[in-house]
Amino acid sequence: VAATAQALPRNPHKESEYGEAGARCPYQGAQAAAPDASVGASSLSERQHIPKTGEPAEPGVNAVGGELARVRADAQGQALTTNQGVPVSDNQHSLKAGLRGPALLKDFILREKITHFDHERIPERIVHARGSAAHGYFECYESLAPLTRASLFAKKGKRTPVFVRFSTVAGERGSKDTARDVRGFAVKFYTDEGNWDLVGNNMPVFFIQDAMKFPDLVHAVKPEPHHGMPQAASAHDTFWDFVSLMPESTHMLMWLMSDRAIPRSYRMMQGFGVHTFRFVNEQGESRLVKFHWNPVSGTHSQVWDEAVKVSGDDPDFHRRDLWEAIDAGNGPQWELGVQIFTEEEAERFSFDVLDATKIVPEELVPVRPIGRMVLDRNPDNFFAETEQVAFCTAHVVPGVDFTNDPLLAGRIHSYVDTQISRLGGPNFHELPINAPLAPVHNNQRDGMHRQAVHRGRVAYEPNSLGGGCPFQAGMEGYVSFPEPVAGDELRGHPERFAEHYNQATLFYDSQTDWERRHLTGAFVFELSKVTVAAIRQRMVASLRNVSEELAQTVADGLGMALPEPLPRALREVPRPEVAQSPSLSLSARPGQVGVATRKVAILVAEGVDGAAVSKVAQALIKAGVVVRLVGQRIGPVATADGGALDADASLDNQPSAVFDGAVVPGGATALERWRQDGRALEFVRDTYRHGKTLLALGEGAGLLQAAGIDPAADDEGLVAGDAPAAAAAAFIQSLARHRHPARETTPTRV
Ligand code: HDD
């Protein structure tokens, strides 16, 4: 490369670039000395995972071998080429007739580069456009053979690779992570009998009962078509117009207005398959099944003011959280649970299990844990994997089947269909991230972007010229459950689909006080953004059928009189089996990991008590906390004892909202500096307002006082002390409680 560079014509007028000084740098477009390729090879770590299996490679084995490695590109030590593999000598200048002359059309290198660039974007997903994903594996706890012949559940300890994408629904690809929204929870299992996609959400119910209504729902929630606003928000007229006219969405609105819609992290939310599915065993017997993902980190959420601030401070908050946790070796885990019941049992429920606006309360059918999922590897390339992954509800494997849920029926069509325009043709299953690990053999051929090179003259079945291959698998293959069908062709729904409020009431009544407060506040906030009073009226009228308390509080919050309740579709409301379901509260699942991976800010400023900072930081790090020293600016900070600390964040670049708790150490000079700094005051105010744990050491308590917070108040989230080790222990205990909503007042006092 160096030799080629020497031989290239130089511009004699640009001495600085090509003269004596320039000679030390590689010629523009040339490579510096090629790195030693063997260095990269030997550093391939045994800790890396085999693509798509999540298994660590054997010591000494190249972990990047396997399915995805076939297509991985790594330019380490390589010269630049065109897409045809032609080495490129100069990547800085287009081909011109003379140095100041016109660019030439025959510059195929420029044209190839620009043409490719012009087409680098594909259409974003019509819903769930913004998402983040990771690789991992699912491990089965025990054989489920009596229930299902699905191979991933065949044996205790069996591991199946997965790729999981989490998403928001309404926002565009570049929108913020912390919008109030449903979160997608889509799991692709690469089973040894083909791919199974469990395309769920973090809420167990949906807005509508029939796929016929889906385009209307999405049009209503997306930015309004005349002015393209608002982005990633349901707080606008068209959404509330639609849902207030659609009482079946009431139950889902309870979930959407609850803190479930503003999770602290993807790692801390549940996932649900939503629909009732079927398990089918080897004997062809079927049971109905609902899927639940329960996070080992517990279910935790943000508060609204926090989510709003995070969306400005770090729009990638959830993406970053997932990436950093996996990168640091703290990959998240979920337990997969199933509710299993028979058709006869389902028939006796007061609701219809084919209605996606209903849950099966856990008190009625308990959730049985059947395995765990670990996400332990970040994608190599966002576009190739996270963007191009195609989830389809139609992707099922032997042992898993559908029910007649009319919402599911529409989805079985929609997902494959949408990939055809999004990914440019019918061969999206060949993209490496979508390709099954199980072999694919059929007579489908050609189409846009076909990768496989099919051999032989036979592309039909039956055939004799190809020896009858590929042959039908018979009972070894996917056999649809032979569900008897009866009835007239018609448009309509069964009677039980017309009851819309019982489970909305169940949800509301099962929340803790603070959850109810947040839920009510969300209704008030969203409806206050609605400009047409009649829509607000209609919505509150509907809420009267859920809870008089809820309707009254929302009406008060909106400064309106309580309207008449919306008429119910059913004259006789079926009696629900369950009046309270504690598992519907976020507080039901505190998690099993304590404070590990939580983020804590230790404020530092000149004159801070350095010894105390070190002691607290050490204790936190030992407990698995991610610690940042937040200074008035980044860089070295002189401590009271003459030492120095290195602030790795600043009050500007990492404000309070992105942390789970904060520590204000002692130091008289530091306190004086913070008191004069509005950002420091805002930092502790927000930490307090968002219900987070605050630790004040020594003089640090003065900053809380200056911010209007009484450090001695009866508040388990406020820890004060002079002995750093004891104070840190108390802080860790309090931090594990996630948030302290008991301190909330309306309006906020601080
Ligand atoms: Fe959907 C994407 C989940 C109803 C049509 N949906 C999509 C994704 C998730 C869900 C998680 C993102 C997958 C990814 O990460 O790539 N959708 C749900 C759930 C529903 C639901 C849990 C109700 C139970 N969806 C639903 C209906 C329809 C669709 C009723 C259409 C009839 N969904 C789509 C879609 C998307 C999609 C248009 C957009 C991008 C994609 O599929 O790949 O086909």
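Just above sits the structure.
Residues numbered from 1 in each chain as written. Predicted model: local features only at pLDDT ≥ 70, side-chain atom pairs only at ≥ 80, totals over all residues. Heavy atoms only, no water.

Considerations on the pattern of salt bridges
Turning to step 1, where the next piece is worked out: Under the counting rule described, the total for this entry stands at 45 salt bridges.
Turning to step 2, where the next piece is worked out: Notably, a salt bridge pairs E387 with R173, separated by 2.5 Å at the nearest N-O pair. One end of the pair, E387, is in helix α11 (residues 382–387); the other, R173, is in the loop between β2 (159–168) and β3 (183–191), and 214 residues separate them in sequence.
Turning to step 3, where the next piece is worked out: The exposure class of R173 is partly exposed, given its relative accessible area of 23%.
Turning to step 4, where the next piece is worked out: For R264, the salt bridge identified is with D321, shortest N-O distance 3.3 Å. In this pair, R264 is assigned in the loop between α7 (250–257) and β5 (271–272) and D321 in helix α9 (residues 317–327), connecting sequence segments 57 residues apart.
Turning to step 5, where the next piece is worked out: With relative accessibility at 10%, the residue D321 sits in the buried group.
Turning to step 6, where the next piece is worked out: Shared partners join several salt bridges into a network, and the residues in it are R264, R267, E306, D321, R598, D660, K692 and R739. (Salt bridge = Lys/Arg side-chain N within 4 Å of Asp/Glu carboxyl O. Helix = DSSP H or I, 4+ residues; strand = E, 2+ residues; numbered from the N terminus. Buried < 20%, exposed > 50% of the residue type's maximum accessible area, 1.4 Å probe, protein only.)

Side note on unusual backbone geometry
Turning to step 1, where the next piece is worked out: Cis geometry is found at the peptide bond from M229 to P230, where omega equals -10°.
Turning to step 2, where the next piece is worked out: Along the chain, the position of P230 falls in the loop between α5 (214–221) and α6 (237–244).
Turning to step 3, where the next piece is worked out: Of note, the amide linkage connecting E461 to P462 takes the cis form, showing an omega dihedral of 10°.
Turning to step 4, where the next piece is worked out: Topologically, P462 is positioned in the loop between α12 (406–422) and α13 (502–509).
Turning to step 5, where the next piece is worked out: With a phi close to 50°, A232 is a non-glycine residue in the positive phi region.
Turning to step 6, where the next piece is worked out: Mapped onto the elements of the fold, A232 is located in the loop between α5 and α6.
Turning to step 7, where the next piece is worked out: A positive phi angle, close to 60°, is found at D446, a residue other than glycine.

Side note on the coordination of the iron atom of the ligand
Turning to step 1, where the next piece is worked out: Among all protein atoms, only Y415 (OH) binds the iron atom of the ligand, sitting 1.9 Å from it.
Turning to step 2, where the next piece is worked out: Mapped onto the secondary structure, Y415 falls in helix α12. (Donors = N, O, S within 2.8 Å, 3.2 Å for Na, K, Ca; no water.)

Examining the environment of S301
Turning to step 1, where the next piece is worked out: Relative to the helices and strands, S301 is located in the loop between β7 (286–295) and α8 (304–313).
Turning to step 2, where the next piece is worked out: A relative accessible area of 6% means that S301 is categorised as buried.
Turning to step 3, where the next piece is worked out: Ignoring sequence-local partners within four residues, the contact set of S301 consists of D259, R260, I262, P263, R264, L586, H738 and R739. (Contact = heavy atoms within 4.5 Å.)

Some words on the sheet that holds strand β15 (residues 649–650)
Sheet strands pair by backbone hydrogen bonding; their relative direction is either parallel or antiparallel.
Turning to step 1, where the next piece is worked out: Taken together, the six strands give an open sheet; going across it, the order is β15-β12-β11-β16-β17-β18, and neighbouring strands pair in parallel fashion. The open sheet has two edge strands with one neighbour each: β15 and β18 (718–721). (Pairing = 2+ DSSP bridges.)

Topic: the pairing of strand β13 (residues 635–638)
Turning to step 1, where the next piece is worked out: Here β13 pairs with strand β14 (residues 644–647) via four bridges, running antiparallel. Considered in β14, the bridge of G635 is made with A647.

Here's the deal with the side chain of K599
Turning to step 1, where the next piece is worked out: Mapped onto the secondary structure, K599 falls in strand β11 (residues 599–603).
Turning to step 2, where the next piece is worked out: For the buried K599, which has no salt bridge, the nearest side chain bearing the opposite charge is E324, at an N-O separation of 5.2 Å.
Turning to step 3, where the next piece is worked out: Within the local environment of K599, its side chain forms a polar contact with the side chain of Q654, the two groups lying 3.1 Å apart.
Turning to step 4, where the next piece is worked out: Beyond its immediate stretch of four places on either side in the chain, K599 contacts R264, V626, Q654, V658, F659, D660 and G661. (Lys, Arg positive; Asp, Glu negative; His and termini not counted. Polar contact = N/O pair within 3.5 Å; in protein donor to acceptor, adjacent residues only side chain to side chain.)

Thoughts on the packing of aromatic side chains
Turning to step 1, where the next piece is worked out: Here the structure, examined in full by the defined rule, presents 26 aromatic pairs.
Turning to step 2, where the next piece is worked out: Between F166 and W334, the aromatic rings sit 5.5 Å apart at their centres with planes inclined by 35°, giving tilted as the arrangement. Highlighted residues: F166 in strand β2 and W334 in strand β8 (residues 333–341), separated in sequence by 168 residues. Here F166 and W334 have matching classes, each one buried.
Turning to step 3, where the next piece is worked out: A ring pair is formed by F277 and F291, whose centres lie 5.8 Å apart and whose planes are at 50°; its orientation type is tilted. With F277 in strand β6 (residues 277–280) and F291 in strand β7, this residue pair connects regions lying 14 residues apart in the sequence. (Phe/Tyr/Trp six-rings, centres within 6.5 Å; stacked < 30°, edge-to-face > 60°.)

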